[in-house]
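Commentary on secondary and tertiary structure
The chain contents come next:
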Amino acid sequence: MTNPHHSSYDTLLRYMPQGYVEFKVIYDDASEPIDYEFFEVNPAFEKIMKGKRKHFIGKKVSSALKDFEYSEREWMIQVAHVVNEGGTVTFEHFSRRNKSWFEMSVFSERQGFVSVMFHDITRHVQENNALKQLVNVSHRFVSTGSDLLMNQQFLDQIRDFTGAKAVALNLMENDGESYTTVALSGIDEMLERSLDILGFHPVGRKWPMTDQRRDLFKQSNPRVFDGIDPLIDGALPKRLIKNLLRIFSLGEVVLFKIEKDGVLYGDLTIVMEQGKQANRLGLVELYLVHVLQQLTKADHQVGETKKSMFDGFGTLDLECIMAFNTRQVLHLNDTWERVLGFSLDELENIDFLSLIHPDDEVITEAGFAELEERGELFRFVNRFRTIDDTYRSIEWHCKLQGDYIYAVAKDVTDRVQLEEKLADRDRLLTKLSDQIPGAIYQFELLPDGSFNFPFFSRGFEDMLGISAEEVQRDASLVFRRMHPDDYPHVMQSIDESYRNLTIWDAEFRVLSEDGRTVWILGSSRPEKIAEGHVLWHGYIGDVTEKKTYEKEIEYLSYHDQLTGIKNRRYFEEALERYDDEHFYPLTLIVIDINGLKLTNDAFGHLVGDQLLVEAANILRNELRAKDEVARVGGDEFVVISPNTTLDEAKQLSDRLGRLFHEQTVEGLPISASFGEAVKHDSNVELTEVFNLAEDRMYHHKVSEKQSRRHHSIQIIMRTLYEKIPREEAHSQRVANLAGKLAEAMGFTSAEVNEIRTAAILHDIGKVAISNDILDKPGALTESEWYEIKRHPEISYNILSTVPEYVALSEIVLAHHERWDGKGYPKGLSDYDIPLASRIIAVADTFDVMVTGRPYRQAKTIDEALAIIKQEAGKQFDPSLVDVFFEKVVPTLQQ
């Protein structure tokens, strides 16, 4: 009598998607493992390794895998570890041969043998990696373009197998009065240049839906025309049409309407070269089935996973497209070569149905009859002859579309290859199933409506927190753990799988004993045992981490990462929602934060970011409940104020402006420019209202620009002196010395004043250098010197933002250049250095030497003068040094 447990395990191994292999260990004379012999494999392992069972059983790994790259054998090291050490090892491995990720579980349950589980986690790894990357990039790089890309690939396929010159996809607009060309395949360099010359760019163009075109769509697919004239109907100038026909040898045009359930979604237009006819138009109808499914699901099932028309069939190995009436095969995929042994050329040149086993001809004809009656055929099995005159059993799932059959199939010959020798391995299988990430299980539904779980692995208990004993007593405990909001749709999906014998797929939440919410992804294949009696073989996994990333992506797609308020994408969608008479008068307030670049240059980007965050906090806290705010640019915010007059908006702007000014960052008050505009009715486009508000903001910004920036320079200098008190006295001394030297050089009083002012401002860039460096008592490191040497450029960036300081910014930039060209930041030499900069360099260096720095002891005046004289012609302009000693030094010694 057959062991019932063994039968259950046998079925599990046959159906489970994880690969399994057991090796017999081969030892050397020292009892060390030197090789492994394949003892048992399951069908999933055959598929992973792209080879049949007979190619492995009894073979040594060293010979069976000799054509594998070295990386494919890396996991064998883990096998040897288990053989020597015992226990279980689980690890992830990337197979370059299969281009897949596997989670490997290695363990041994009997002496001299070792088992390996291969769980394909490629989809999980790729999905998680993609989600993690998306979290760290701006939405603008990922939120658009995918539909267009999908359309483009779809059109490229159509063009390839029809031989068309060009294929266009046109989709109807929501109003039904116009349509848009969303993609065009066939644009090469010559065609693109020609269209540019003609000024004709069809992609993205909207066309009117004329009466003539409506009449065309009342007829059945496909419509074939001798040329493009019937499709034009006055939409293009005659001269352009003439030029198009002259430049491009356009011939036959085939029009497919895309329509389902009386709803017209658009059309597919195929344009052939003159003198050529389109090939394989029947296949176009099959491809349009997929397009229709995408369009209808997008309309009616937004947010749901878009499923293939063949979901429910499981692993799809083989593909076949056939003309129903003639039984002519139009397409076979490469997998048929592996299954039957014939090349595709051979299969295309023989009667494909002649390969059917003679004993299966009657049931095959009955299958065609059922397909014609019902339009589809599920789980139909017949046998096909191979190149070596053996037969393989093929399981089919077919759909009839027009005059064509679209079928997917798989080779099920080896389904029952695990033999009775597994009867004494019940414990091994339990251990094996426990190594699988997630859990495998069987779920049974009986004709009387009762149900149970004949088998489930330990992972099932871990995820749901229910023991095997508890489930055996009351299977409904599993369903009581489901989240109440998810329970109805899970039960509905089980019912659909039960009635239609389609694969069950569901994503749902369960509530753990400690109150956590765990997301579960489940999938199982139903097997009909008897009428009304179905057994599912399935797998469930924890996808909580994936759902967390999805929520984070959803948040980031509508929120600015720096400030946490809504972003431009949200703003653009919100404009469409608020553009409604219920919200009129609708006012937009455009807010631009002033001096952000100046703040970044003076204090660094972290302070600039803090300024934006503080501004966003004020907006978030002070706006009314009905207002919406979004950051739409680097320093620009927009407030949407429904049911708000222009006067009310201006009052709101005034209040926000005062609050901004009261808030300071690094001593700088937040300054902003405001612009308001209102929409009273539908006669004005909302984009025009936004543009008007932005124009008013810019006018406000320009009117106060100069005084605001001059004030900002004063605040930055005050901040510098508060940060480094010695800098104020140093700046004054350098200004006095530089002024004396300039006077000695014969400069005018205006020029002397300019040099004094530049000397006062020459170290303003130090406001952005860390106090830890500026006040460091010891010697500076190379990286710290690099930071110090940045201050002339920072000073230049700050001063150059104010027009009256532009000339001074050039002087300040060069005050650390050297006469011999070894200075910084540009390495200028001799007369390429502005004279004013050379004067400040002498005065600055002398003062630093005689007053000292935290990292350098002060020198006497005589020591400092000796160095100045020594550096003449090296660091300093020698003629300036002469004047300095002749005219300025005497005043120092008095």
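All chains use their own residue numbering, which begins from 1 and follows the written sequence. Given that the model is predicted, a residue must reach a pLDDT of at least 70 before its local features are reported, and side-chain atom pairs must reach 80 or more before they are shown or counted; all residues, however, enter totals for whole chains, interfaces and linings. Hydrogens and waters are ignored; side-chain quantities use all the structure's heavy atoms.

Another aspect to go through is the overall build of the protein. Helix and strand assignments come from DSSP, with helices taken as H or I runs of at least 4 residues and strands as E runs of at least 2, each series counted from the N terminus. Per the secondary structure count, the protein includes 35 helices and 27 strands. When burial is assessed residue by residue, the protein has 47% of its 894 residues classed as buried. Each residue is placed in one exposure class: buried if its accessible area under a 1.4 Å probe, protein chains only, is under 20% of its type's maximum, exposed if it is over 50%, and partly exposed if it falls in between.

We now examine helix α32 (residues 806-813). Of all the positions in α32, only Leu 808, Ser 809, Ile 811, Val 812 and Leu 813 are classed as buried. Two residues qualify as a contact provided that any one of their heavy atoms is within 4.5 Å of a heavy atom in the partner residue. Buried residues in α32 make contact with α28 (749-761), α31 (791-799) and α33 (835-851).

Let us look at the nonpolar core. One finds Ile 591, Ile 593, Phe 637, Phe 660 and Phe 884 to be the most contacted residues of the largest nonpolar core, which totals 77 residues. Ignoring anything within four residues of it in the chain, the contact list for Phe 660 reads Ile 591, Ile 593, Ala 615, Ile 618, Leu 619, Pro 669, Ile 670, Ala 672 and Phe 674. Counting 26 residues, the second-largest nonpolar core is a separate cluster that includes Met 463, Phe 508, Val 518 and Ile 540. Grouping buried Ala, Val, Leu, Ile, Met, Phe, Trp, Tyr and Cys residues that are joined through side-chain atoms within 4.5 Å yields what is termed a nonpolar core.

Paired strands, in this sense, are two strands between which DSSP finds at least two bridges. Relative to strand β15 (residues 391-401), strand β14 (residues 376-385) runs antiparallel, the two sharing eight bridges. Bridging across to β15, Glu 376 finds its partner in Lys 399. Linking two consecutive strands that pair antiparallel, namely β14 and β15, is a turn of five residues; a positive phi of about 65° is found at Asp 389 within it. Where β15 meets strand β16 (residues 404-411), eight bridges bridge the pair, whose relative direction is antiparallel. By the bridge assignment, Glu 395 is partnered in β16 with Lys 410. Linking two consecutive strands that pair antiparallel, namely β15 and β16, is a turn of two residues; a positive phi of about 65° is found at Gly 402 within it.

So, on to the sheet that holds strand β24 (residues 636-641). Reading across the sheet, the four strands line up as β23-β24-β22-β27 and stay open at both edges, with antiparallel pairing between neighbours. For this open sheet the edge positions go to β23 (628-631) and β27 (672-679), each flanked by a neighbour on one side alone. With strand direction ignored, the average angle separating the axes of adjacent strands in the sheet is 15°. Looking at chain direction, β23 and β24 are connected through four bridges and run antiparallel. Looking across to β24, one finds that Val 629 is bridged to Val 639. Packed onto the sheet, helix α23 (residues 605-622) meets β22 (586-593), β23 and β24 and runs at close to 155° relative to β22. The axes used here are C-alpha line fits, helices contributing only the stretch in contact, and every angle between their N-to-C directions lies in the interval 0 to 180 degrees. Contacts from helix α24 (residues 646-662) reach β22, β24 and β27, with the element oriented near 165° to β27.

Summarising burial for strand β6 (residues 166-172): six of the seven residues are buried, a large majority. In this structure, β6 lies alongside strand β11 (residues 263-273), joined through six bridges in antiparallel fashion. Within the sheet, the bridge partner assigned to Leu 171 lies in β11 and is Gly 266. Strand direction decides the pairing type here: β6 and strand β7 (residues 178-185), joined by six bridges, are antiparallel. When the bridges of β7 are listed, Asn 170 appears paired with Thr 181. A loop of five residues connects β6 with β7, the two strands running antiparallel in sequence, and Gly 176 in this loop sits at a positive phi of about 70°.

Now for the pattern of salt bridges. Salt bridges are identified by distance alone: a Lys or Arg side-chain nitrogen within 4 Å of an Asp or Glu carboxyl oxygen. Tallied over the full model, the rule gives 34 salt bridges. Close ionic contact of Lys 52 with Asp 411 constitutes a salt bridge, the shortest N to O distance being 3.4 Å. Of the two residues, Lys 52 is situated in the loop between α2 (43-49) and α3 (61-64) and Asp 411 in strand β16; the sequence distance between them amounts to 359 residues. The salt bridge partner of Arg 374 is Glu 370, with a shortest N-O separation of 2.7 Å. With a gap of four residues between them, Arg 374 and Glu 370 both fall in helix α14 (residues 361-374), about one helical turn apart. Owing to a relative accessible area of 51%, Arg 374 belongs among the exposed residues under this scheme. The class of Glu 370 is partly exposed, set by a relative accessible area of 30%. In the salt-bridge network here, residues are joined through shared partners; they are Lys 52, Arg 392 and Asp 411.

Another point: the packing of aromatic side chains. Aromatic rings from Phe, Tyr and Trp, with only the six-membered ring used for Trp, were paired whenever their centres fell within 6.5 Å, and each pair was classed as stacked if the ring planes differed by under 30 degrees, edge-to-face if by over 60, and tilted otherwise. Applying the stated criterion across every chain yields a total of 28 aromatic pairs. When the ring of Phe 38 is compared with that of Phe 56, the centres are 5.1 Å apart and the planes differ by 55°; the resulting orientation is tilted. With Phe 38 in strand β2 (residues 33-41) and Phe 56 in the loop between α2 and α3, this pair connects stretches of sequence that are 18 residues apart. The burial state of Phe 38 is the same as that of Phe 56; both residues are buried.

Strand order in the open sheet formed by five strands is β2-β1-β5-β4-β3, with antiparallel pairing between adjacent strands. The strands lining the two open edges of the sheet, one partner per strand, are β2 and β3 (88-95). Between one strand and the next, the sheet's axes are offset by a mean angle of 30°, whatever the strand orientation. Judged from the six bridges that link them, strand β4 (residues 100-107) and strand β5 (residues 113-120) form a sheet pairing that is antiparallel. Counterpart to Val 106 in the pairing with β5 is Val 116.

Looking now at the packing of α23 against α24. In the contact formed by α23 and α24, the axes pass within 10 Å of each other and the chain directions differ by 135°. By the criterion of interaxial angle, the relationship of α23 to α24 is oblique. At the point where α23 passes α24, the crossing takes the right-handed sense. Contacts from Ala 615, Ile 618, Leu 619 and Glu 622 in α23 reach Arg 655, Leu 656, Leu 659 and Phe 660 in α24. Oblique is the label for any angle not under 35 degrees, not over 145, and not in the 65 to 115 range, which are roughly parallel, roughly antiparallel and roughly perpendicular in turn. Helix crossings fall into two classes, left-handed where the near helix is turned counterclockwise from the far one by less than a right angle and right-handed where it is turned clockwise.

Negative charge collects at one region of the surface, where Asp 334, Glu 337, Asp 345, Glu 346 and Glu 348 lie side by side. Sort the elements by how many residues they give to the negative patch and helix α13 (residues 344-348) lands first, with three residues. When you line up the elements, Asp 334 lands in the loop between β13 (329-332) and α12 (335-340). On the accessibility criterion, Asp 334 (55% relative accessible area) is exposed. Patch members must show over 30% relative accessible area and no salt bridge, and they are joined within 9 Å when carrying like charges or within 5 Å when they are nonpolar side chains of Val, Leu, Ile, Met, Phe, Trp or Tyr. The Shrake-Rupley method, run with a 1.4 Å probe, gives the accessible areas here. Residue values count only the displayed protein chains as cover. The convention is simple: Lys and Arg are positive, Asp and Glu are negative, and His and the chain ends are not counted. To locate a charge, the coordinates of NZ of Lys, CZ of Arg, CG of Asp or CD of Glu are taken.

Let us look at the side chain of Ser 731. Tracing the backbone through its elements, the reader meets Ser 731 in helix α27 (residues 726-744). N or O atoms closer than or at 3.5 Å make up a polar contact, with two conditions inside protein: a donor-capable atom paired with an acceptor-capable one, and, for residues adjacent in sequence, both atoms drawn from side chains. In this structure the side chain of Ser 731 is engaged in a polar contact, spanning 3.5 Å, whose partner is the backbone oxygen of Ile 760. Residues contacting Ser 731, with those up to four places away along its chain left out, are Tyr 721, Ala 759, Ile 760 and His 762.

What follows is about the environment of His 93. Topologically, His 93 is positioned in strand β3. In this structure His 93 comes out as buried when scored by relative accessible area, which is 6%. It is 9.7 Å that separates the C-alpha atoms of His 93 and Ile 121, two residues lying 28 residues apart in sequence.

Time to look at the packing of α27 against α33. Packing of α27 against α33 brings their axes to within 8 Å, and their N-to-C directions diverge by 135°. Put simply, α27 runs oblique to α33. α27 and α33 meet at a crossing whose hand is right-handed. Judged by residue contacts, His 730, Arg 733, Val 734, Leu 737, Ala 738, Leu 741 and Ala 742 of α27 engage Ile 839, Ile 840, Val 842, Ala 843, Asp 844, Phe 846, Asp 847, Val 848 and Thr 851 from α33.

All of the buried residues in α31 are His 791, Pro 792, Ile 794, Ser 795, Ile 798 and Leu 799. Here the buried residues of α31 occupy an arc of 160° about the axis, which is enough to place them on one side. Relevant arc is that of directions from the helix axis to the C-beta atoms, nothing else.

Right, let's get into the state of the cysteines. Note on terminology: pairs of cysteine sulfur atoms within 2.5 Å are recorded as disulfides. Taken as a whole and assessed by the stated rule, the structure comprises zero disulfides. With no disulfide partner, Cys 320 has as its closest neighbouring cysteine sulfur the one in Cys 398, 8.0 Å distant. By relative accessible area, Cys 398 is classed as buried at 8%.

The subject of this paragraph is the confidence of the model for the protein. A low pLDDT score tells you not to read the predicted coordinates there in detail. Summing up the model confidence of the protein, the mean pLDDT is 78 and the portion of residues at 70 or higher is 81%. Mean pLDDT values over the elements of the protein span from 47, in helix α5 (residues 122-135), up to 93, in β24. Contacts for the low-pLDDT stretch residues 67-72, under 50 throughout, to residues beyond four places or in other chains number 12 contacts. Per residue, pLDDT captures the predictor's confidence, and it can take any value from 0 to 100.

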